[in-house]
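Now for the letters of each chain:
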Amino acid sequence: EETPPSSLLHLTKNEGQPWLAIYHLTTSPICRESYGLDEFRKSQLMRLRKYLNEALLDQLPVMGEVARYLDELSILGVPPSGQGSHRPSSSASSSGLLLQRVDVVREEILRGRDSGWNRANEFCEEVARRQWEDVFCKVTDSRDNELKRIAEEVYGGGGGFK
């Protein structure tokens, strides 16, 4: 379908959603705190500056705040790549532990396979049983602090999630 030249600069809903996500990432205090800013992430955010033109700002006026944030960020010093500051409860800081845990389970499964399928199946059943007893049966949505934190970041505030 041919697009008329007069509507080439009109922002569609699909184009607007990523811009609004960037707006929340850069202006929400909760998101700013959770997003560990280092030199690499700063450079990736700074690449957006050239796309914040007058046509975009006319259609999404809130992006003016993002432009101001990027201007401030350009003069801000940040840690080198890989050394960004994270909240202790952020998924960015705790993901290393999760990755290590998956590695240990994978190695044990592979080690069990070397000696035959029966041992591997027994091992997998034991892992599933222990995860059910240690993790899944003890946590409900009302007591899951990580789920509450995610809900607060996504929906803001956290009202009704007590």
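Residues numbered from 1 in each chain as written. Predicted model: local features only at pLDDT ≥ 70, side-chain atom pairs only at ≥ 80, totals over all residues. Heavy atoms only, no water.

A. Highlighting the overall build of the protein. Regarding its fold elements, the protein presents eight helices and zero strands. Going from the N terminus to the C terminus, the protein shows its helices and strands as α-α-α-α-α-α-α-α. Put simply, the protein has 162 residues, and 20% of those count as buried. For the protein, restricting intrachain contacts to residue pairs at least 6 apart in sequence, the fraction spanning at least 24 positions comes to 65%. (Helix = DSSP H or I, 4+ residues; strand = E, 2+ residues; numbered from the N terminus. Buried < 20%, exposed > 50% of the residue type's maximum accessible area, 1.4 Å probe, protein only. Contact = heavy atoms within 4.5 Å.)

B. Just the packing of helix 1 (residues 13-27) against helix 5 (residues 63-75), in detail. The contact between helix 1 and helix 5 brings their axes to 9 Å, and the two run at 50 degrees. Comparing the axis directions of helix 1 and helix 5 gives the class oblique. For the element pair helix 1 and helix 5, the recorded crossing hand is left-handed. Note on element contacts: helix 5 touches helix 1 through Met63, Glu65, Val66 and Tyr69, opposite Trp19, Ile22, Tyr23, Thr26 and Thr27. Residues belonging to the contact of helix 1 with helix 5 are distributed by class as follows: six nonpolar, two polar and one charged. (Axes fitted to C-alpha atoms, helices over the stretch in contact; angles between N-to-C directions. Parallel < 35°, antiparallel > 145°, perpendicular 65-115°, else oblique. Left-handed = near helix turned anticlockwise from the far one by under 90°. Nonpolar A, V, L, I, M, F, W, Y, C, P; charged D, E, K, R; others polar.)

C. Broad picture of the layout of surface pockets. Estimated volume of the second largest pocket: approximately 180 Å³. Along its surface, the second largest pocket is lined by Leu8, Leu9, His10, Leu11, Glu15, Trp19, Tyr51, Asn53, Ala55, Leu56 and Gln59. Those elements that place two or more of their residues in the lining of the second largest pocket are helix 1 and helix 4 (54-59). At three residues, the largest contribution of residues to the lining of the second largest pocket is made by helix 4. (1 Å grid on protein atoms, 1.4 Å probe; cavity = no way out; pocket = protein on both sides within 12 Å on 5 of 7 lines; lining within 4 Å. Points joined across faces, edges and corners; volume = space filled by probe spheres on them.)

D. Structural detail: helix 5. With 13 residues, helix 5 should reach 18 Å at 1.5 Å per residue; the first-to-last C-alpha distance of 19 Å fits that figure. Within helix 5, burial applies to Met63, Val66, Ala67, Tyr69, Leu70 and Leu73. Burial along helix 5 is one-sided: seen end-on, the buried residues are contained in an arc of 160 degrees. Buried residues along helix 5 sit against helix 1, helix 2 (29-34), helix 3 (39-46) and helix 4. (Expected span 1.5 Å × (residues − 1). Arc of directions from axis to C-beta.)

E. Structural view of a nonpolar patch on the surface. On the surface, a cluster of nonpolar side chains totalling about 350 Å² of accessible area is made up of Ile150, Val154 and Tyr155. Take Tyr155: it is sitting in helix 8 (residues 145-155). (Patch = residues over 30% accessible without salt bridge, like charges linked within 9 Å, V, L, I, M, F, W, Y side chains within 5 Å. Areas by Shrake-Rupley, 256 points an atom, 1.4 Å probe, with all protein chains shown as cover. Salt bridge = Lys/Arg side-chain N within 4 Å of Asp/Glu carboxyl O.)

F. Quick peek at the side chain of Lys42. Along the chain, Lys42 turns up in helix 3. Here Lys42 occupies a buried position and makes no salt bridge, while the nearest side chain of opposite charge, Glu39, is found at 4.7 Å. Here the side chain of Lys42 touches Leu76 through a polar contact of 2.8 Å, landing on its backbone oxygen. If near-sequence neighbours (up to four positions away) are discounted, Lys42 is found in contact with Leu37, Leu73, Ser74, Leu76 and Val78. (Lys, Arg positive; Asp, Glu negative; His and termini not counted. Polar contact = N/O pair within 3.5 Å; in protein donor to acceptor, adjacent residues only side chain to side chain.)

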